[in-house]
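# Inside the fold
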Amino acid sequence: TAEPASQKEYTILVVEDDPDVISFLSEQLRQYFNVYTAENGKEALKILGQVYIDIILSDMVMPEMGGLELCKTVKSQEDLAQIPVVMLTAKTDMDSKLESLEMGADAYIEKPVSFKYLHKHLLMLLKNREKEKKSSKLCTRFCSNLFELAVFCTGLYNKLTKNEQGGDANRP
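What you are looking at is a predicted structure, and each value in this text was computed from that prediction instead of being measured. (Residues numbered from 1 in each chain as written. Predicted model: local features only at pLDDT ≥ 70, side-chain atom pairs only at ≥ 80, totals over all residues. Heavy atoms only, no water.)

### Brief notes about the packing of aromatic side chains
- Per the counting criterion, the structure on display carries 1 aromatic pair.
- For the ring pair Tyr32 and Phe115, a centre distance of 6.2 Å and an interplane angle of 25 degrees mean the geometry is stacked. Here Tyr32 is found in the loop between helix 1 (19–29) and strand 2 (34–38), whereas its partner Phe115 is found in helix 5 (residues 115–166), with 83 residues between them in sequence.
- Judged by relative accessible area, which is 37%, Tyr32 ranks as partly exposed.
- By relative accessible area, Phe115 is classed as buried at 15%. (Phe/Tyr/Trp six-rings, centres within 6.5 Å; stacked < 30°, edge-to-face > 60°. Helix = DSSP H or I, 4+ residues; strand = E, 2+ residues; numbered from the N terminus. Buried < 20%, exposed > 50% of the residue type's maximum accessible area, 1.4 Å probe, protein only.)

### A few points about helix 3 (residues 67–76)
- Looking only at helix 3, the buried set comprises Gly67, Leu68, Leu70, Cys71, Thr73 and Val74.
- Buried-residue contacts for helix 3 involve strand 1 (11–15), helix 2 (41–48), strand 3 (55–58), strand 4 (85–89) and helix 4 (94–102). (Contact = heavy atoms within 4.5 Å.)

### What about the environment of Thr92?
- Within the secondary structure layout, Thr92 lies in the loop between strand 4 and helix 4.
- Spatially, the C-alpha atoms of Thr92 and Lys111 are 8.6 Å apart, while their sequence positions differ by 19 residues.
- Once residues within four sequence positions are removed from consideration, Thr92 is found in contact with Lys97, Tyr108 and Glu110.

### So, the pattern of salt bridges
- Enumeration over the complete set of coordinates arrives at 5 salt bridges.
- Put simply, Glu16 and Lys111 hold a salt bridge, and the shortest N to O gap is 2.9 Å. In this pair, Glu16 sits in the loop between strand 1 and helix 1 while Lys111 sits in the loop between strand 5 (107–110) and helix 5, placing the two residues 95 residues apart along the sequence.
- Residue classification places Lys111 among the partly exposed residues on the basis of a relative accessible area of 23%.
- Between Lys111 and Asp59 there is a salt bridge, and its shortest N-O distance comes to 3.7 Å. Of the two residues, Lys111 is situated in the loop between strand 5 and helix 5 and Asp59 in the loop between strand 3 and helix 3; the sequence distance between them amounts to 52 residues.
- Given a relative accessible area of 7%, Asp59 falls into the buried group. (Salt bridge = Lys/Arg side-chain N within 4 Å of Asp/Glu carboxyl O.)

### Concerning the nonpolar core
- Leu13, Val15, Leu48, Ile56 and Met87 are the most contacted members of the largest nonpolar core, which totals 22 residues.
- Where this core is concerned, the elements lending two or more residues are strand 1, strand 2, helix 2, helix 3 and strand 4.
- Looking at this core, the element that brings in the most residues is helix 3, giving 4 residues.
- If we skip the residues at most four places from it in the chain, Met87 touches Ser58, Asp59, Met60, Gly67, Leu68, Cys71, Ser100, Ala105, Ala107, Tyr108 and Ile109.
- Leu25, Val86, Phe115 and Leu126 belong to the second largest nonpolar core, which has 19 residues in total. (Core = buried A, V, L, I, M, F, W, Y, C linked by side-chain atoms within 4.5 Å.)

Right under this line is the structure:
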């Protein structure tokens, strides 16, 4: 469901099938984020096709499409792969944690969780993603400048070698 009333810096998609949990998370997160909600992975994918989302917070076990399948789908699509996916789940076993990492999850947080911790974790993931974007832009700009320099040097080299081969009329 769409709920961004006031514009905040980031937009989060909360994917959770428990109405009480989704209500609590939405209420808390709305203080800091534009919040969209989905009851399962299939609904989440529909929203991702319509709205720019900065970060996804998803439960693991849900009907129709669970969080792991959602994460795998998001991370396999070029236009969505950069979105951080945070698994928020009651599953505490090591196999679930490892499987979420294998599917591409950026973080695994166990329920119950302190909202202060969750909020800080989400912000740190978003800030780190912004740093990656800036680094990528700088690298692209540097590579472009390097290419232009290579073209210039090639042209200069060609002129110099042409002059040496053709001779210079002013030489004795």
